[in-house]
Amino acid sequence: MVTKKLWSEGPQVSAIGIGTWSWGDRLFWGYGKQYGEAEVAAAFQAAIAAGITLFDTAEIYGFGESERLLGKFQKQSQNPVCLATKYGPVPWRLSEQAVIQAIRESLSRLQVDSIDLYQVHWPFNFLMSYETLFGALATAVHQGLIKAVGVSNYSVDQMRKAHKLLGDRGVPLAVNQVRYSLITRQIETQGLIAAARELDITILAYSPLAQGLLTGKYTPEQPPTGARTVDGRFKPEGLRKLAPVTNLLRQYANVHDKTMAQVALNWLTTQEGVIPIPGAKTAKQATDNAGALGWSLTADEVTTLEEASRPWL
Ligand SMILES: NC(=O)c1ccc[n+]([C@@H]2O[C@H](COP(=O)([O-])OP(=O)(O)OC[C@H]3O[C@@H](n4cnc5c(N)ncnc54)[C@H](OP(=O)(O)O)[C@@H]3O)[C@@H](O)[C@H]2O)c1
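Cut-offs used in this document
Residues numbered from 1 in each chain as written. Predicted model: local features only at pLDDT ≥ 70, side-chain atom pairs only at ≥ 80, totals over all residues. Helix = DSSP H or I, 4+ residues; strand = E, 2+ residues; numbered from the N terminus. Rg over C-alpha atoms; globule rule 2.2 N^0.38 Å. Contact = placed C-beta atoms within 7 Å. Pairing = 2+ DSSP bridges. Axes fitted to C-alpha atoms, helices over the stretch in contact; angles between N-to-C directions. Expected span 1.5 Å × (residues − 1). Buried ≥ 20, exposed ≤ 12 C-beta atoms within 10 Å, placed from the backbone. Arc of directions from axis to C-beta. Core = buried A, V, L, I, M, F, W, Y, C linked by C-beta atoms within 7 Å. Parallel < 35°, antiparallel > 145°, perpendicular 65-115°, else oblique. Nonpolar A, V, L, I, M, F, W, Y, C, P; charged D, E, K, R; others polar.

Q: Describe in detail the overall build of the protein chain, supporting the description with residues and values.
A: Looking only at helices and strands, the protein chain features twelve helices and ten strands. Computed over the C-alpha atoms, the radius of gyration of the protein chain is 19 Å, within 12% of the 20 Å expected from 2.2 N^0.38 for a compact globule of 313 residues. With respect to the principal axes defined by its C-alpha atoms, the protein chain has extents near 50 × 40 × 35 Å. Expressed as a percentage of contacts within the protein chain between residues at least 6 apart in sequence, the contacts between residues at least 24 apart total 79%.

Dropping the structure here:
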């Protein structure tokens, strides 16, 4: 398995992780209808068998169910894994103690003594200042409740501020988890990737398959289920606009005997300091996504994909 440092002083993890938002989430993904615990347990086992060691969840996914499932699966597994979860900076969390309490609840659901990576899900600071929040997170690192701090959906300025506040307490900012795929490349034009590289912060790329759009399986005749049906990108006109990118993905998939998802993910892994975390609901998807590693697009193919996806910069 190809590995990367999760951040420069951090643990070595698989160069692709698995996102577990859909594990237990009924509202967006429809957990409990076409798939359930058996399927996501098989996804976990297939990911482990393929050498994946990084799993991303959040306390909000399935209102705790994703963390509970991941905790159960990792407990049953003999293989060491790196668990990343997220804290919701909701308005009713007012004090440093509320942060520590949220961490303790995640520890309990995940069935671990210390969380490998604890990320702030959104940059909201309703009633808790960044000073209080990152002070509490630094304290949690010093107490051993969490091993590293990350942020998510933070802009360049917000990321720099978090990096500074943590740095003042001797704690690195390990990651910024942001949306990044061949058809969501705004973090490049916003200067976020450049700033992350400068500050030695890893980008965890979420929705790296654009929620299934880049797998090529959705067509006007075969739309997705659930909440994605209202997303314009999955409608006939939206799908047509993607053709310059999806046609290339299909072409390169044929050349390398890979799937379109594997090509889309492989392209992301060629970006320095980026680790994609594709969601997987089934063993087949987990195995497929892990197979994005261990082979290479040619330099020309990487460039051609970059050029074709410039409208999404
Ligand atoms: N920090 C944040 O704000 C934030 C936001 C969103 C996501 N995330 C994290 O990022 C992870 C991934 O993002 P995401 O779930 O939004 O989108 P994604 O990874 O782009 O897409 C995942 C979906 O694509 C389909 N899929 C996955 N692998 C496939 C394969 N090999 N072949 C065919 N279809 C495949 C599955 O849905 P179908 O089978 O139904 O098509 C799966 O649920 C999440 O699980 C979560 O951990 C974080």
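Q: Tell me about the sheet that holds strand β3 (residues 18–19), and name the residues and values.
A: With parallel pairing, the eight strands of this open sheet are ordered in space as β3-β4-β5-β6-β7-β8-β9-β10. What marks the edges here is a single partner per strand, and that holds for β3 and β10 (274–276). Pairing between strand β5 (residues 82–87) and strand β6 (residues 117–120): four bridges, direction parallel. Counterpart to lysine 86 in the pairing with β6 is glutamine 119. This element, helix α5 (residues 156–168), spans β7 (149–152) and β8 (173–179) of the sheet and lies at about 160 degrees to β8.

Q: Let's hear about the environment of phenylalanine 55: which residues, and what values?
A: Within the secondary structure, phenylalanine 55 is located in strand β4 (residues 54–56). Through-space distance from the C-alpha of phenylalanine 55 to that of serine 77 is 13 Å; in sequence the pair is 22 residues apart. Once residues lying within four places of it in the same chain are set aside, the contact partners of phenylalanine 55 are Gly17, Ile18, Thr20, Leu70, Val81, Leu83 and Ala84.

Q: Describe in detail helix α4 (residues 130–142), supporting the description with residues and values.
A: Its 13 residues give α4 an end-to-end C-alpha distance of 18 Å, which sits within 8% of 18 Å, the value for a rise of 1.5 Å per residue. When we look at burial in α4, the residues that qualify are Leu133, Phe134, Ala136, Leu137 and Ala140. Projected onto a plane normal to the axis of α4, the buried residues spread over an arc of 150 degrees and lie on a single side. Those residues of α4 that are exposed and angled more than 90 degrees off the buried face are Glu131 and His142. Where α4 is buried, its residues contact α3 (96–110), β6, β7 and α5. Phi for glycine 144, located one or two positions after α4, is positive at around 85 degrees.

Q: Describe in detail the nonpolar core, supporting the description with residues and values.
A: When a protein is soluble and globular, its nonpolar side chains tend to lie buried together. Within the largest apolar cluster, 96 residues are counted, with the highest numbers of intra-cluster contacts made by Ala47, Val149, Ala174, Ala205, Leu214 and Ala264. Residue contributions to this core peak at seven residues, all from helix α10 (residues 260–269).

Q: An account of the packing of helix α2 (residues 65–76) against α3 is needed here, citing residue identities and associated values.
A: As a packed pair, α2 and α3 sit with axes 7 Å apart at the nearest point and diverge in direction by 45 degrees. When the axis of α2 is compared with that of α3, the two are oblique. Residue-level inspection shows Glu67, Arg68, Leu70 and Gly71 of α2 in contact with α3, the latter providing Ser106, Arg109 and Leu110. Looking at side-chain class alone, the contact of α2 with α3 contains two nonpolar, two polar and three charged residues.

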